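# Fold and contact review
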Amino acid sequence: MKYVKSDETLEIPAGVTVNIKAREVTVTGPRGQLSKNLRHIDVTFSKVSDSLIKITVHNGDRKHVATLRTVKSLIANLIKGVTLGFKYKMRFVYAHFPINVNIISEDSKTYVEIRNFLGEKRVRKVLVQEGTTAELSANQKDELTVYGNSLENVSQTCADVQQICRVRNKDIRKFLDGIYVSEKGTIEEPAE
């Protein structure tokens, strides 16, 4: 079954500008600028007013219409990123061998360096994504804070850190060691 016309509307808050040219979305706000290439998704954008964007799919089937909400969410995340920013907190979990984490810089790139995971000699290094900052918490022991404007880059950095600390060849019900995301939030508090 084809849907003749489906659309979603997205509100743009004050102080944020959204430019769309050939499905290349650029969002500018008080925290900076983010852009996302949506050329692979067949949707139409139209600007109703300065504070409203309409996203439309013509003659789409069920799967194609489902991308409408995805595109709306992607742009909403860009808007949230340039206004509030994203901040993830990660906690180190270990039963015996304390996990040693440092933030290092090599060749103008930042890495999260993980040592002594399960007592292993292997040094694990995770690249911190572009536009993202990772730092160890000063007031909380065994906590890593990752923050930035792009939700994709912040969450990907956290995912990479969590994935590199997987326990192999042991019973994962017993060996719960690792670095896990404990809290997801924004850098700036949203105005109620």
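Before any of the text, the structure's been laid out above.
So, a few notes on the structure that sits alongside this text. (Residues numbered from 1 in each chain as written. Predicted model: local features only at pLDDT ≥ 70, side-chain atom pairs only at ≥ 80, totals over all residues. Heavy atoms only, no water.)

### Some points on helix α1 (residues 62-83)
An ideal rise of 1.5 Å per residue puts 32 Å on 22 residues; α1 measures up with 33 Å between its terminal C-alpha atoms. Along α1, the residues classified as buried are H64, V65, L68, V71, K72, I75, L78, I79, G81 and V82. G85, located one to two residues past α1, shows a positive phi value of around 80°. (Helix = DSSP H or I, 4+ residues; strand = E, 2+ residues; numbered from the N terminus. Expected span 1.5 Å × (residues − 1). Buried < 20%, exposed > 50% of the residue type's maximum accessible area, 1.4 Å probe, protein only.)

### Comments concerning the side chain of T186
Considering the arrangement of structural elements, one finds T186 in the segment after β13 (178-185). A polar atom in the side chain of T186 sits 2.8 Å from the backbone oxygen of E188. Among all residues touching T186, those that are not within four sequence positions of it are K80, L84, G85, F86 and K87. (Polar contact = N/O pair within 3.5 Å; in protein donor to acceptor, adjacent residues only side chain to side chain. Contact = heavy atoms within 4.5 Å.)

### Structural notes on the pattern of salt bridges
Overall, the coordinates contain 10 salt bridges when judged by the stated rule. One salt bridge in this structure joins K36 and E152, with 3.3 Å as the shortest N-O distance. Of this pair, K36 sits in strand β4 (residues 32-37) while E152 sits in helix α2 (residues 151-164), and the two are 116 residues apart along the sequence. Taking the relative accessible area as the measure of exposure, E152 reaches 41% and is therefore partly exposed. (Salt bridge = Lys/Arg side-chain N within 4 Å of Asp/Glu carboxyl O.)

### So, α2
Between its first and last C-alpha atoms α2 spans 20 Å; for 14 residues at 1.5 Å apiece the expected length is 20 Å, and the two agree. Among the residues of α2, those classed as buried are V154, T157, C158 and V161. All buried residues of α2 lie within an arc of 90° about the axis, which places them on one face of the element. Turning to α2, the residues buried within the fold contact β7 (86-93), β9 (109-115), β10 (124-127), β11 (132-136), β12 (143-148) and β13. (Arc of directions from axis to C-beta.)

### Section: the sheet that holds strand β6 (residues 52-60)
In spatial order, the strands read β1-β6-β5; together these three strands make up an open sheet with antiparallel pairing. The two strands at the open ends of the sheet, each matched to only one other strand, are β1 (3-11) and β5 (44-49). Ignoring which end each strand starts from, the neighbouring axes of this sheet average 25° apart. Of the pairings in the sheet, the one linking β1 to β6 comprises eight bridges and is antiparallel in character. Looking across to β6, one finds that L10 is bridged to I53. Relative to the sheet, α1 contacts β1, β5 and β6, its axis offset from that of β1 by approximately 10°. (Pairing = 2+ DSSP bridges. Axes fitted to C-alpha atoms, helices over the stretch in contact; angles between N-to-C directions.)

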